[in-house]
Amino acid sequence: MFEDTKVPEGINKETLEHLMNPQNYGKMEHPSCVGVALDEKTKEYVIFYTLLDADTIKDAKFATNGCQDTVVIGSMFTQMIINNSTQYANTAIEKIVKKLGKLSIQQQICADIVFSAFKASLINFEHIQNGEKEELHLLKMKESCEVVEDKEGESNE
Amino acid sequence: MNKLYQKKHELWLHITFASFAIGNEEIKSRLYDFSQIAFRHMKWLGEDILASNQDYNYDRDMSLKKEASVFIIINSLVKEIEAIQELYPDTILGERVKTDDAYLLEYLAQILSFPMNDVVVTSFNMKRVWLDKNLSQEQIDALTLFLFEESYKEYELILIYAYMQARTNDALQFNVFQDLIDESHFHLKSFGNMMAKLGILTLPRMLHEMTYIVKDLKQFVVDGIAEEEAAKVMCKELSERIKDAELSKFFDFINYQESYHIELMKKLL
């Protein structure tokens, strides 16, 4: 309906579309594996569902209580990795960072939490393959958005 | 988990966002009233589900149809209301909900009977222009990000507080949750109408159960106070960046409301 709409400069059209309609967002009914990355300070999390067929990612979904940057990056990341190999997925975040240009420290942490949740899902898959009963695998983030905000606040003073 | 609850949740959102999308102030206001009634239906249906030792969740399977005219939005609402009728139980509550819906259908039919009501809807056009304000691109960008962030947060808070309210036997907690829910409804309404003005109206994303199943109330409140503090900072920054007296005053007003939310939340500790 609005395909020809020209989006003004600033927030680019692709980012706005991911903001308005995040792709692959929500729960997956029968994933191969599930990973969670958690920022213990802010309690922000990303949960990542991966459906694998051998080394190919057949489907991926994510959910988060985090900020819009996390949503946009999660949406872009899942779009890039579906129907690609896990090896390709390991390089996808770098490609997104290049595509988005210079990221703030906070945005880098958002990218990191999305990627960590994906990595956690692959660890969960390994554990399941090894016969362990693990509902999901949890990775705790080393860097927190809260600390970054404090640091940025200090540097602005 | 519970189909009726899920459909009611979706209907509440559809009525609420139809109200935001439509520019005619009278229709907007009436639909918002009906959306609040639908939210109460959701609350009462939830209470019945819990009383019968079952449970519900906040899953949804819907998208906001980005319709270009008022009549397309209203017709889509009519279909959804008609479809949910068969799910209502044969109880006193079920009868109450059915009569409320019947009255809403009558009102929607009235809107449809006046062709002049069928005007173009600009709430989804992504133009990000506020016609009666002179905002720079930088200000529009800041406002856009704020509205996406905060509209989600308000929706999240409404549902988390409602989830906890339905599960507490403590009168003080019940009242505090009710106050916080009412406040978040007002904020969601304010931000949703602003998003519509800018042409970026969209549904908040779905809540995952990791977000609303709270195992440690004290920790949740402590974290929530920190979040309210962060929201206050965002409002203050936005108020300073937006060089429009009316909008700046509005964000200052929201900022002061967040301060009182912190006081309300402290009562839960």
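Residues numbered from 1 in each chain as written. Chains lettered and ligands numbered in written order. Predicted model: local features only at pLDDT ≥ 70, side-chain atom pairs only at ≥ 80, totals over all residues. Heavy atoms only, no water.

## Focus: the packing of helix α5 (residues 137-165) of chain B against helix α8 (residues 217-241) of chain B
Residue and element names in this part refer to chain B. One way to put it is that α5 packs onto α8 with a least axis distance of 11 Å and a crossing angle of 155 degrees. On the basis of the axis angle, α5 is roughly antiparallel to α8. Seen from above, α5 lies across α8 with left-handed handedness. Residues of the contact of α5 with α8, tallied by class, amount to 13 nonpolar, 1 polar and 8 charged. (Axes fitted to C-alpha atoms, helices over the stretch in contact; angles between N-to-C directions. Helix = DSSP H or I, 4+ residues; strand = E, 2+ residues; numbered from the N terminus. Parallel < 35°, antiparallel > 145°, perpendicular 65-115°, else oblique. Left-handed = near helix turned anticlockwise from the far one by under 90°. Nonpolar A, V, L, I, M, F, W, Y, C, P; charged D, E, K, R; others polar.)

## Remarks on the pairing of strand β3 (residues 56-64) of chain A
Residue and element names in this part refer to chain A. In terms of strand pairing, strand β2 (residues 44-53) meets β3 through 8 bridges, oriented antiparallel. What sits directly across from F48, in β3, is F62. Counted between consecutive antiparallel strands, the loop separating β2 from β3 contains 2 residues, among which A54 sits at a positive phi close to 55 degrees. (Pairing = 2+ DSSP bridges.)

## Digging into the confidence of the model for chain A
In regions of low pLDDT, the predicted coordinates are not meant to be interpreted in detail. Residue and element names in this part refer to chain A. Scored by pLDDT, chain A comes out at a mean of 85, with 85% of its residues at no less than 70. Every residue in residues 1-9 scores below 50 in pLDDT, and together they form 21 contacts with partners more than four places removed in sequence or on other chains. For the stretch residues 153-157, pLDDT sits under 50, and the model shows 0 contacts to residues farther than four places along the chain or on other chains. (pLDDT = per-residue confidence, 0-100. Contact = heavy atoms within 4.5 Å.)

## A look at the packing of aromatic side chains
All names here are of chain B. All told, the structure shown has 26 aromatic pairs over all chains when counted by the stated rule. Ring centres of F250 and F251 lie 5.3 Å apart, and the angle between their planes is 75 degrees; this geometry places the pair in the edge-to-face category. The exposure class of F250 is buried, given its relative accessible area of 17%. The class of F251 is buried, set by a relative accessible area of 0%. Sitting over the face of the ring of Y56, R167 holds its NZ or CZ atom 4.8 Å from the ring centroid. The cationic tip of R205 hangs over the ring face of Y152; the distance from NZ or CZ to the ring centre is 3.7 Å. (Phe/Tyr/Trp six-rings, centres within 6.5 Å; stacked < 30°, edge-to-face > 60°. Buried < 20%, exposed > 50% of the residue type's maximum accessible area, 1.4 Å probe, protein only. Lys NZ or Arg CZ within 6 Å of the ring centre and 35° of its normal.)

## Examining the interface of chain A and chain B
The interface of chain A with chain B comprises 27 residues on the first partner and 31 residues on the second. The contact between chain A and chain B buries some 2600 Å² in all, and 63% of this surface belongs to carbon and sulfur atoms. A salt bridge links K27(A) to E209(B); its shortest N-O distance comes to 3.0 Å. Viewed at the interface, chain B and chain A are joined by 10 residue pairs in polar contact (both at pLDDT 80 or more). Elements represented by at least two residues in the side of chain A that touches chain B include exactly α1 (13-20), β2, β3 and α2 (68-81) of chain A. The biggest single contributor to the side of chain A that touches chain B is α1(A), with 4 residues. Looking at the side of chain A that touches chain B residue by residue, the classes come out as 16 nonpolar, 7 polar and 4 charged. (Buried area = accessible area lost by both parts, 1.4 Å probe. Salt bridge = Lys/Arg side-chain N within 4 Å of Asp/Glu carboxyl O. Polar contact = N/O pair within 3.5 Å; in protein donor to acceptor, adjacent residues only side chain to side chain.)

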